[in-house]
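Chains, contacts and geometry: an overview
The lines below spell out each chain.
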Amino acid sequence: MHALDHDRALEKAKSGVMPNLHSIMQEGCYGVTQSVFSTASPVDYTSMLTGTTHTTHGIDDFQTNTRKGFKFSRNPGKQEVIHPAEAEDTRLYTSYDVEVPWVWQMMEEEKAMQFGIFSPSSYPAPELPNDGVWLSGYWSKPSNFLKDQEAACNDQDIRQEILEYYPDYSVTPLFALPPLYPEGCEDQKNYHRKFLEQNKEISRKLQETRMQVEKNHEWDVFLTEEALCDNVQHILWPRSEDTSVSDEIDEWLETEALLDDYYRHIDEMLGEWLDQIPDNSNIIMISCHGHQDSEDNYFMHDRFKNLYKYEIWDKPEGWDFREDRPDWSPPTRAEHSFEGLYAVKGPDFPAKGESEPISCMDFAPMILEIYGYDKPEHLDGRTPKHLMGETE
């Protein structure tokens, strides 16, 4: 679950908003997932899928910054920030930039399906051992390349199967989002409701498509992502400062209720997965980072407008980027935090209750341990043996 925040998820699970997540926590164990160098999604997901830090796998942001004379350091605290509009040679990272193997390439005998994970390593889709299938879920150009380029999926039969279920399927749900100013939205409150409903509609269609693919084929490992939780939290996060002024309390209650609505929605989809997957399966739910109050208001309108203006991304069909932002244009209300949530249960996870934190880098060595593979020397992540009933 992309960016599901640890503290908020625990609160919602224990209060009854997310009963299916709570059932995994009760039957297995759970705790904090820690980001590594940065809370940027491409960095965290690449660390998760390779078991390494950014200095090992080479992905340190969404895009490269190679402007002449630009000094870049991968050391935490020393990274200069450069706006994409200022870069003379800026492009998105791709799988060609990942300098180490990802976990599926370390597993020679297991058939794996990676379905739309938000990482540069997912595009172009690589070949995997044992006829494994890799479907991209990362921003790139052109935006709807599932239809246009075979590089989006390394198995063209699966690719066609997906398009039969979801003809408008896009490599990342963000490209299927509604315009920033949907028709009929005349104020921010109206926008918030419209934004939530259309995100729910898109995530539901993605869920149905992916469940069909899982059901129609045999997999040893099946990895999928609920990606829109991140997007919804950025816009609907109920900031604590909203309760400091009386006329803003209503807005706080409004966003809190809308966000709870989305948490119920993704928990229902989690329950559907729990009902479908084979008995005695290992279940790993992980979010690489969380959310927190945003210190600064930056407007999604401005951010995306510049990305498309400078052709770093293709502008998705239907998006309206007017030059002048309306007064009610919603700012992002939250930024990423370093603490996501993990919850695991299954035959290889005898541990129960709340447990010690793990790093997002520990996902890869955990998968290798489950399937009996030795941990390669280059991995920076640890095998979380405390979750597996073993001592370090």
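The residue count restarts for each chain, going from 1 along the sequence in the order it is written. Reporting in this predicted model follows two pLDDT cut-offs: at least 70 for local features of residues, and 80 or more for side-chain atom pairs to be given and counted; totals over whole chains, interfaces and linings ignore these cut-offs and use all residues. The basis for the side-chain values is all heavy atoms of the structure; hydrogens and waters are excluded.

A word on the overall build of the protein chain
Starting at the N terminus, helices and strands are each numbered in turn, a helix being any DSSP run of H or I of at least four residues and a strand any DSSP run of E of at least two. What the protein chain contains, in helices and strands, is 11 helices and 10 strands. In this description, accessible areas are obtained by the Shrake-Rupley approach with a 1.4 Å probe, and a residue is regarded as covered only by the protein chains that are shown. About 17000 Å² of surface is accessible on the protein chain, with carbon and sulfur atoms providing 42% of the total.

A word on the pairing of strand β2 (residues 112-117)
For β2, the tally of buried residues reaches 6 of 6 residues, placing the bulk of the element in the interior. When DSSP finds two or more bridges between two strands, those strands count as paired. Two elements, β2 and strand β3 (residues 133-136), share 4 bridges in a ladder whose sense is parallel. Within the sheet, the bridge partner assigned to I117 lies in β3 and is S136. A 1.4 Å probe rolled over the protein chains alone gives each residue an accessible area, and that area as a share of the maximum for its type sets the label: buried under 20%, exposed over 50%, partly exposed in between.

Considering the sheet that holds β3
Pairing is parallel in the open sheet, where 3 strands are placed in the order β3-β2-β4. With partners counted over all chains shown, the strands left at the sheet margins are β3 and β4 (221-224), one partner each. This sheet shows a mean twist of 0 degrees between the axes of neighbouring strands, independent of strand direction. Axis definition: a line fitted to C-alpha atoms, limited for helices to the stretch in contact. Angles are taken between N-to-C directions and run from 0 to 180 degrees.

Considering the packing of aromatic side chains
Ring geometry is summarised as follows: Phe, Tyr and Trp rings, the Trp one being its six-membered ring, pair when their centres sit within 6.5 Å, and such pairs are stacked at plane angles under 30 degrees, edge-to-face over 60 and tilted between the two. Following the criterion strictly, the structure yields 4 aromatic pairs and no others. Aromatic pair F222 and W273: ring centres 5.6 Å apart, planes at 45 degrees, arrangement tilted. Placement of the pair is F222 in strand β4 and W273 in helix α9 (residues 249-276), with a sequence separation of 51 residues. Each residue in the set F115, W219, F222 and W273 is aromatic and connected to the rest through ring pairs, giving one cluster. Above the plane of the ring of W219 lies K111, whose end atom (NZ or CZ) is 5.2 Å from the centre. We count a charge as sitting over a ring when the NZ of a lysine or the CZ of an arginine lies within 6 Å of the ring centre and within 35 degrees of the ring normal. The aromatic ring of Y166 is capped on one face by K205, whose charged end is 5.8 Å from the ring centroid.

Some details on the nonpolar core
Grouping buried Ala, Val, Leu, Ile, Met, Phe, Trp, Tyr and Cys residues that are joined through side-chain atoms within 4.5 Å yields what is termed a nonpolar core. Of all hydrophobic cores here, the largest spans 49 residues; its most connected members are L4, L21, Y169, Y263 and I266. Core analysis: the next-biggest nonpolar cluster, separate from the first, contains 44 residues, M48, M106, A351 and I358 among them.

Comments concerning the packing of helix α1 (residues 6-14) against helix α2 (residues 19-27)
Where α1 contacts α2, the axes come no closer than 8 Å and their chain directions differ by 95 degrees. Taken as axis vectors, α1 and α2 run roughly perpendicular relative to one another. Between α1 and α2, the residues in contact are A9, L10, A13 and K14 and L21, H22 and M25, respectively. The scheme is simple: roughly parallel for angles under 35 degrees, roughly antiparallel for over 145, roughly perpendicular for 65 to 115, oblique for anything else. Contact between two residues is taken to exist if any of their heavy atoms lie within 4.5 Å; hydrogens are not considered.

Quick look at the pattern of salt bridges
We define a salt bridge as a contact between a side-chain nitrogen of Lys or Arg and a carboxyl oxygen of Asp or Glu at a distance within 4 Å. Counted according to the given criterion, the structure contains 9 salt bridges. In this structure, the salt-bridge partner of E197 is K200, at a minimum N-O distance of 3.9 Å. With a gap of 3 residues between them, E197 and K200 both fall in helix α7 (residues 188-216), about one helical turn apart. Note that D261 and K200 form a salt bridge whose closest N and O atoms lie 3.0 Å from each other.

Observations concerning unusual backbone geometry
Unlike most non-glycine residues, N130 shows phi in positive territory, near 55 degrees. The topology assignment puts N130 in the loop between β2 and β3. Although it is not a glycine, D131 adopts a positive phi angle of roughly 60 degrees. Following the sequence through the fold, D131 ends up in the loop between β2 and β3.

Describing helix α3 (residues 41-50)
Most of α3 is tucked away, with 10 of its 10 residues classed as buried. For α3, the full list of buried residues reads S41, P42, V43, D44, Y45, T46, S47, M48, L49 and T50. Contacts made by the buried residues of α3 are with α4 (54-57), β2, β4, β5 (283-286), β7 (334-337) and α11 (363-370). Following α3 by one or two positions, G51 adopts a phi angle in the positive range, close to 75 degrees.

What about the confidence of the model for the protein chain?
For the protein chain, per-residue confidence averages 77 on the pLDDT scale, and residues scoring 70 or more make up 70% of the total. Under a pLDDT of 50 for its full length, residues 173-181 has, in the predicted model, 42 contacts with residues more than four places off or in other chains. Every residue is assigned a pLDDT by the predictor, reflecting its confidence on a scale from 0 to 100.

Some remarks on helix α6 (residues 156-165)
All buried positions along α6 are accounted for by I158, R159, E161, I162 and L163. Contacts described as polar in this section are N or O atom pairs within 3.5 Å, which, within protein, must combine one atom able to donate a hydrogen with one able to accept it, while residues neighboring in sequence count only if both atoms come from side chains. Backbone nitrogen of D157 and a side-chain oxygen of the N-cap are separated by 3.0 Å at the start of α6; the cap is D155.

A closer look at the environment of E214
Mapped onto the fold, E214 is located in helix α7. The exposure class of E214 is buried, given its relative accessible area of 12%. Each C-alpha atom, one on E214 and one on T224, is 9.9 Å from the other, the two residues being 10 residues apart in sequence.

Quick look at the environment of Q276
Assignment of secondary structure puts Q276 in helix α9. With 62 residues separating them along the chain, Q276 and E214 place their C-alpha atoms 9.0 Å apart. Discounting chain neighbours no more than four positions away, the residues touching Q276 are M211, E214 and K215.

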